[in-house]
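Analysis of the macromolecular model
Listed here are the chains, written in short residue letters.
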Amino acid sequence: MEKEAGEPETGLGGDEEERNAEEPVVSLAEVLAENEELEKEARAVLGGSDHERCSYSQGAVKRQALYACSTCTPPGEEPAGICLACSYECHGTHKLFELYTKRNFRCDCGNSKFKNLQCKLLPEKANVNPNKYNDNFYGLYCVCKRPYPDPEDEIPDEMIQCIVCEDWFHGRHLGAVPPDSGDFHEMVCQACMDRCPFLWAYASQLAVPTVTKVTLATEDGVVLNVEENEDVKKENGADHQVKTEEEKLVQNNEPSTSSASTCKLPTAKNEASTCKLQELQAKQYLKKNTATFWPHTWRSKLCTCRECVKMYSDLDIPFLTDECDTVLAYENKGTRDQEADRRDPLMDTLSSMDRVQQVELICEYNDLKTELKDYLRRFADEGTVVKREDIQQFFEEFQSRKRRRTDRMQYYCS
Ligand SMILES: [Zn+2]
Ligand SMILES: [Zn+2]
Ligand SMILES: [Zn+2]
Ligand SMILES: [Zn+2]
Ligand SMILES: [Zn+2]
Ligand SMILES: [Zn+2]
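1. Focus on the overall build of the protein
A count of helices and strands for the protein gives 13 helices and 12 strands. Taken across its 414 residues, the protein has 23% of its residues classed as buried. By sequence separation, contacts in the protein at least 24 residues apart represent 70% of the contacts at least 6 residues apart.

Put into structure tokens, the structure is as follows:
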């Protein structure tokens, strides 16, 4: 996530040097998948943000790509965040922390937090913005407050962003083993679950089951790590639910007010719809000390009755019921915007050529694409490693085939 400024377009894959230093030993399928993934990721993160204009004039932007500059505001100084355009224009040569996207943030570039820098794009800014900051702005993440990537951490572990506090967490620091990334859509960290305990009532119905690591000490002092699966517990039924010291069984047997269940006043007709949360809270549910993982449409299932909306606002989480708040919604917008104005460089070149040149180029381009794909596929299928010589060999062969075709003055589009 951390990137060197100066080459922001490729900020997500800046370890080219390191890779070249040692013999590249990766299977081609991996390279292809990784490139596509990185490209997709970069497009998704950056696509929805303006790369030319400072976003300050838009106020607190609903969601945008955000950076922190450790050259301008190093740890110890006041934290500050800057927009995508400012990361290019005003901090191009600085050391930046890439924060991916954050919600409700107004660009700080050049305001009172910056001692020696004036924003080149929008120098007129208020002294401070009512933004929220955390350790991410100093390049530190998770409850363990480590940088990412972490040179001292040899355990490969994916970082997952909490959708409430927007900090990033190691999968192994969430109190439960995260489900496969394809199986859940959003995560709420342990601290945020503590702060918003009502979510536990929803979790029993909506959340993706996790495996909780329970440490059992036997009589002779041997520590056993037992992986306990929530699914199993559910099958066993509420009576047999295993209680660990981390889990609390919550049962709310408060009688519902008699007026709500029996007496409907004619004037209250429109408000007679029951509170989904109250219904859930009337049942038994588990409260644990773990993060929770949620499927795609879970936010739309949250109650939006007047009391619940007020509670969201009191807890400072009104965004929870806003489907447009999700990173996915932002990424989809970015991808849509980019597809709308992305121009194919081939098409640009073509329009400046005469017809014969056009045909030649198209044929050559298609040949190259197909042949390279076929060539690489063989490696991918065999799961073998592609070496630099292999790629070199391909281009040499391609050139000689092309020469042969050109000699015959014929062009085939294969
Ligand atoms: Zn800016
Ligand atoms: Zn800077
Ligand atoms: Zn700026
Ligand atoms: Zn951690
Ligand atoms: Zn959180
Ligand atoms: Zn409600």
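Further notes follow.
2. Some remarks on unusual backbone geometry
A negative phi holds for most residues other than glycine; trans holds for most peptide bonds. For the bond from tyrosine 148 to proline 149, the omega torsion is -5°, close enough to zero to count as cis. With respect to the element layout, proline 149 can be found in the loop between strand S4 (95-105) and strand S5 (159-161). Unusually for a residue other than glycine, tyrosine 100 sits at a positive phi of about 55°. On the secondary structure map, tyrosine 100 appears in strand S4.

3. Comments concerning the nonpolar core
One finds Cys54, Tyr67, Ala68, Ile82, Cys83, Cys86 and Cys109 to be the most contacted residues of the largest nonpolar core, which totals 29 residues. Elements with a contribution of two residues or more to this core: helix H2 (28-47), strand S2 (61-69), strand S3 (82-83), helix H3 (84-89) and S4. In terms of residue count, S2 provides more of this core than any other element does, six residues in total. The contact partners of isoleucine 82, leaving out residues within four places of it in the chain, are Tyr67, Cys69, Ser87, His91, Cys107, Asp108 and Cys109. Formed by 26 residues, the second largest nonpolar core is a distinct cluster that contains Tyr141, Leu199, Ala207 and Trp294.

4. Digging into the confidence of the model for the protein
Residues of the protein with pLDDT of at least 70 account for 67%, and the chain-wide mean is 77. Residue range residues 1-21 is modelled with pLDDT below 50. Its contacts to residues more than four positions away, or to other chains, number 33 contacts. Between residues 408-414, whose pLDDT stays under 50, and residues either more than four places distant or in other chains, the model counts 13 contacts.

5. A word on the pairing of S2
The buried count for S2 comes to eight of nine residues, which makes it a mostly enclosed element. Inspection of the sheet shows S2 paired to S3 by two bridges, in the antiparallel sense. Looking at the pairing, leucine 66 lines up with cysteine 83 of S3.

6. Focus on the environment of phenylalanine 114
You can see phenylalanine 114 is positioned in the loop between S4 and S5. In contact with phenylalanine 114, other than residues within four places in its own chain, are Cys72, Thr73 and Ala80.

7. A few points about the environment of valine 177
Relative to the helices and strands, valine 177 is located in the loop between strand S6 (168-170) and strand S7 (186-188). Residue classification places valine 177 among the partly exposed positions, given that 14 C-beta atoms sit within 10 Å. Put simply, valine 177 and alanine 291 are 114 residues apart on the chain and 9.3 Å apart in space, counted from C-alpha to C-alpha.

Here is what the cut-offs are and how they apply
- Residues numbered from 1 in each chain as written.
- Chains lettered and ligands numbered in written order.
- Predicted model: local features only at pLDDT ≥ 70, side-chain atom pairs only at ≥ 80, totals over all residues.
- Helix = DSSP H or I, 4+ residues; strand = E, 2+ residues; numbered from the N terminus.
- Buried ≥ 20, exposed ≤ 12 C-beta atoms within 10 Å, placed from the backbone.
- Contact = placed C-beta atoms within 7 Å.
- Core = buried A, V, L, I, M, F, W, Y, C linked by C-beta atoms within 7 Å.
- pLDDT = per-residue confidence, 0-100.
- Pairing = 2+ DSSP bridges.

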